[in-house]
Amino acid sequence: MSEHKTYPVPETIAAKAHITQDLYATMYRRSVDDPEGFWAEQAERFVTWFKKWDKVMDYSYQADDLYVRWFDGGKLNIAYNCLDRHLDSRGDQVAIIWEGDNPEEDRKLTYRELHAEVCKLANVLKSRGVNKGDRVCIYLPMIPEAAVAMLACARIGAVHSIVFGGFSPDSLRDRILDSDCQTLITSDESVRGGRHVPLKKNADTALTECPNVNTVVVVQRTGGSIEWTEGRDIWYHEAMANAATDCPAEEMDAEDPLFILYTSGSTGKPKGVLHTTGGYLVFAAMTHKYAFDYQDGEVYWCTADVGWVTGHTYIVYGPLANGASSLMFEGIPNYPDVSRFWQVIDKHQVSIFYTAPTAIRALMRAGEEPVKKTSRASLRILGTVGEPINPEAWEWYYKVVGDGRCPVVDTWWQTETGGHLITPLPGATALKPGSATLPFFGVVPALVDPAEGTLIEGPGEGALVLMRPWPGQMRTVYGDHARFVETYFRQYPGYYFTGDGARRDEDGYYWITGRIDDVLNVSGHRLGTAEIESALVLHPHVAEAAVVGYPHDIKGQGIYAYITPMAGIEPSDALKKDLVALVRGEIGPIATVDIIQWAPSLPKTRSGKIMRRILRKIAANEIDTLGDTSTLADPTVVNDLIDKRANQ
Ligand code: ATP
Ligand code: MG
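Thresholds, definitions, all that
Residues numbered from 1 in each chain as written. Chains lettered and ligands numbered in written order. Predicted model: local features only at pLDDT ≥ 70, side-chain atom pairs only at ≥ 80, totals over all residues. Heavy atoms only, no water. UniProt positions renumbered as here; feature names shortened; annotations may be inferred. Pairing = 2+ DSSP bridges. Helix = DSSP H or I, 4+ residues; strand = E, 2+ residues; numbered from the N terminus. Contact = heavy atoms within 4.5 Å. Axes fitted to C-alpha atoms, helices over the stretch in contact; angles between N-to-C directions. Near = heavy atom within 4 Å. Polar contact = N/O pair within 3.5 Å; in protein donor to acceptor, adjacent residues only side chain to side chain. Areas by Shrake-Rupley, 256 points an atom, 1.4 Å probe, with all protein chains shown as cover. Buried < 20%, exposed > 50% of the residue type's maximum accessible area, 1.4 Å probe, protein only. Salt bridge = Lys/Arg side-chain N within 4 Å of Asp/Glu carboxyl O. Core = buried A, V, L, I, M, F, W, Y, C linked by side-chain atoms within 4.5 Å. Domains from an automatic or database assignment.

Looking at an unreviewed UniProt entry, the protein chain carries the name Acetyl-coenzyme A synthetase, with the source organism given as Thioflavicoccus mobilis 8321. The record held by UniProt for the protein chain lists under Sequence similarities (unreviewed entry) the comment "Belongs to the ATP-dependent AMP-binding enzyme family." Word for word, the UniProt comment on the protein chain under Cofactor (unreviewed entry) is "Mg(2+)".

Have a look at this one:
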């Protein structure tokens, strides 16, 4: 799309921001010219070390000798950094605000209370034989105990592997086996949108095939009835009642593993991403403070689930390392009604709000009224993550939710990257709706021509790679270093390949165009899915759109669009015609949509991302080879789309 609006940094934001435009430029240059000096300073500023590192960074991006190490020789403990060091200065400040699924239920934990809970659970785990380096699986709802469990593991050096509470017994089993967890922390049930989900029952089913699990710690969330395996299962509240509140924080090496987390599975079988301790914490704390311009005393709310990396870095580790008050939400955006997010913002006086495009698009469908009836005066900064955000949705978020006052930080990053890599900084970056804007400190993105393998200079479009490591980078795929090398370092030797495509404009701003595997090649022209979808959702009758390529005799690939109409809109041929014309007008005649299929809903991962690889299979009529569908939120959507597949 040719014309892009630019929103300058609001003066009120710049006036008290940590990072202003000039400072960003100076710091960024330094971070690239003198990474060792730069990161040594940041590591001192953001983290309390038991012992300083010997070497700031050491790496090789060569496929036959691939390694990344940060702050080698340094000793620290993450739970100590998130809790103990705050006790003198902010022990009575709220660390976690919990908002239940039911609007009547909430809870607050101060840093002192959270510290005591974490120490107790750490002692419980120890008493069950959990040692440094052992893997602990966490399968919990969004309750404070999830954060307690993560920090208790970190305190004793156990490696946590969180499995999203919405996953099935099979998905849980596969993840437990892949990382050989011998301890599981779960709850009787979870509550979402007023419905109870039997977590313990799911866990019991999964564990019939996980013979190595010898301890299951069960949090009582609802009191629903569950089965009990004597000797293996222990109640959280009973064990905690007898546990001591002091537990020394284990001295961890900077490169000791902190957690394993499986990716969302948008492109295939999930990968067990391994993150380590020192670099991850420096990067989590620094990105949290600067990308959200977090100011002391503010209430900060990230709506992600701790089952995703966003929950790890931006609900727990980043905010708590910075001494923030982090809101944790058990529920969903439309329960009891579609005003819920905005009501919670008013109730807890949230300053910074971070959510996903999928939620924004869904709430947009409900119109402005549910938003406008709330105040939202406490809001200062808005953020998004997870998928490219269509400019249309961005504008709505900015104007309706933020009343045109709050910068929107569109943060591009991945499970693999540990934290934000391309993101605006509220006090420094002029915004362009739909662009993740500029690289974070120390991050050196580049675009590679996928056909030639050569670097693209200046404005252009290609495969997005990173030229050098940053402290939050994953270190390996757990138990499968070869897959790490193959997935990220084989295709473009010497670089980390993100799997995403991007465009860089004349101002050096990055626009994520979608997964590179999803990029269409129409008559020799490369078209990103994000751009075509953004054009489609400009139409007032379109709620959501997903675009894929399909084999086309003449063009090589044709454009196949799945369209979810707005509630109450009848699909029609006239609307199809309008949409085809709209996309041609926005992008050009090359972007002529060949086939439109109406889709009441789209297949999404449990983290809310559209799974285009499945849509591609349906469009190509290759329905026998759909691939891994275990991370789909609602598998029935797929059958429905297959039944109603458009005739070609
Ligand atoms: P898998 O790697 O298993 O296929 P996944 O890539 O969906 O799953 P995540 O690590 O949760 O797993 O998601 C990272 C991806 O999400 C990025 O590579 C990118 O495609 C997309 N993404 C995240 N944030 C943004 C953003 N702000 N703009 C555009 N895309 C984004
Ligand atoms: Mg990915």
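So much for the structure itself; the text now carries on.
Asker: Run through the sheet that holds strand β6 (residues 135-139), naming residues and quoting values.
Answerer: Taken together, the 8 strands give an open sheet; going across it, the order is β12-β11-β8-β6-β7-β14-β15-β24, and neighbouring strands pair in mixed fashion. Two strands lie at the open edges of the sheet, namely β12 (233-235) and β24 (476-477), each paired on one side alone. Relative to strand β15 (residues 272-276), strand β14 (residues 257-262) runs antiparallel, the two sharing 5 bridges. Opposite Ile260, over in β15, you have Leu274 as the bridge partner. Docked against the sheet, helix α9 (residues 199-207) engages β6, β8 (183-187), β11 (215-219) and β12, running at close to 155° with respect to β8.

Asker: An account of the site of ligand 1 is requested, with residue identities and associated values reported.
Answerer: Every one of the 21 residues lining ligand 1 counts as a neighbour, but Thr263, Ser266, Thr267, Thr415 and Arg515 are closest to it. In this structure, an oxygen atom belonging to ligand 1 sits 2.7 Å away from a side-chain N or O atom of Ser264. Within the backbone of Gly386, a nitrogen or oxygen atom sits 3.0 Å from a nitrogen atom of ligand 1. When ligand 1 is considered free in solution it has 630 Å² of accessible area, and contact with the protein chains removes 95% of it.

Asker: Can you lay out helix α20 (residues 612-619) for me, pointing to particular residues and giving the numbers?
Answerer: Of all 8 residues making up α20, 6 are buried, and the element is well covered by its neighbours. Buried residues in α20 make contact with α18 (529-536), β29 (542-552), β30 (556-565) and α21 (636-643). Directly beyond the C-terminal end of α20, a positive phi value near 60° is found at Asn621.

Asker: Go over the environment of Asp480, please, and point to the residues and values.
Answerer: By the secondary structure assignment, Asp480 is in the loop between β24 and α17 (481-489). The exposure class of Asp480 is partly exposed, given its relative accessible area of 32%. Remark: the alpha-carbon pair of Asp480 and Met57, spanning 423 residues in sequence, is separated by 23 Å.

Asker: Go over the pattern of salt bridges, please, and point to the residues and values.
Answerer: Scanning all chains against the criterion turns up 43 salt bridges. Notably, a salt bridge pairs Glu387 with Arg361, separated by 2.9 Å at the nearest N-O pair. With Glu387 in the loop between β19 (381-384) and α16 (391-401) and Arg361 in helix α14 (residues 357-365), the pair connects residues that are 26 residues apart, well separated along the chain. Considered together, Glu387 and Arg361 belong to a single accessibility category, that of buried residues. Put simply, Asp505 and Lys432 hold a salt bridge, and the shortest N to O gap is 2.8 Å. With Asp505 in the loop between β25 (496-504) and β26 (510-515) and Lys432 in the loop between β20 (408-410) and β21 (445-448), this pair connects stretches of sequence that are 73 residues apart. Pair check on accessibility: Asp505 and Lys432 agree, each one buried. It is possible to trace a salt-bridge network through shared partners that takes in Glu99, Asp106, Arg340 and Lys347.

Asker: Which residues make up the nonpolar core, and what are the values?
Answerer: The biggest cluster of nonpolar side chains holds 128 residues, and the ones touching the most others in it are Phe71, Leu114, Leu121, Leu151, Tyr317 and Phe441. Considering each element in turn, this core owes the most residues, 10 residues, to helix α7 (residues 144-156). Counting the residues that make up this core, at least three belong to each of domain 1 (11-81 + 276-439 + 468-490) and domain 2 (102-253). Look past the residues within four positions of Leu151 in its chain and what remains in contact with it is Ala79, Cys82, Leu83, Leu114, Val118, Val316, Tyr317 and Leu320. Membership of the second largest hydrophobic core comes to 31 residues, among which are Tyr7, Phe341, Ile360 and Val408.

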